[in-house]
Amino acid sequence: MMSRLIDDLNTLHDGFVEAINIAVAEDDLERADRLAEEYDEEAIAMIAVREGRTDLLPLRRPQHADSGLRALMRRLGHRQAA
């Protein structure tokens, strides 16, 4: 039996949050931002594969369309610059 998509997405998210938190704690915001971008890509790919819609990949997303993790990284970058 295949696991539920939402459970797999939650596991993926948790792993990336942990990695991003480590990068932020080490003051490596570039790595944290890169990880946030990778999370977006991996989550989208996971959904597309599970839903049988890989024909839609790669998605063309507007530059300003951030996931929650990317938005957090942007806010952290602004705070550090201040």
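As a starting point, this report considers the structure included with it. Here the structure is a predicted model, which means the values were calculated and not measured.

### As for the overall build of the chain
Right, so step 1: Helices and strands together make up the secondary structure of the chain, namely three helices and zero strands.
Right, so step 2: Sequence-ordered secondary structure for the chain, helices as α and strands as β, is α-α-α.
Right, so step 3: Counting every position in the chain, which comprises 82 residues, the buried fraction comes to 23%.
Right, so step 4: Within the chain, residue pairs in contact and separated by at least 24 positions form 66% of the contacts whose partners lie at least 6 positions apart.

### What to know about the environment of A48
Right, so step 1: Assignment of secondary structure puts A48 in helix α2 (residues 29-50).
Right, so step 2: When the C-alpha atoms of A48 and P58 are compared, they prove to be 9.7 Å apart, with ten residues separating the residues in sequence.
Right, so step 3: The contact partners of A48, leaving out residues within four places of it in the chain, are R53, T54 and L57.

What counts, and at which threshold
- Each chain carries its own residue numbering, running from 1 in the written order of its sequence.
- Side-chain atom pairs in this predicted model are given and counted only at pLDDT of 80 or more, local residue features only at pLDDT of at least 70, and totals for whole chains, interfaces and linings cover all residues.
- Values reported for side chains reflect all heavy atoms of the structure, with hydrogen atoms and water molecules removed beforehand.
- Each helix is a run of H or I in the DSSP string that is no shorter than four residues. Each strand is a run of E no shorter than two, and both are numbered from the N terminus.
- Throughout, exposure labels follow a simple rule: accessible area from a 1.4 Å probe, protein chains only, divided by the maximum for the residue type, with under 20% read as buried, over 50% as exposed, and the rest as partly exposed.
- What makes two residues a contact is simply this: any of their non-hydrogen atoms within 4.5 Å.

All quantities given are derived from atomic positions and should not be read as evidence of function.
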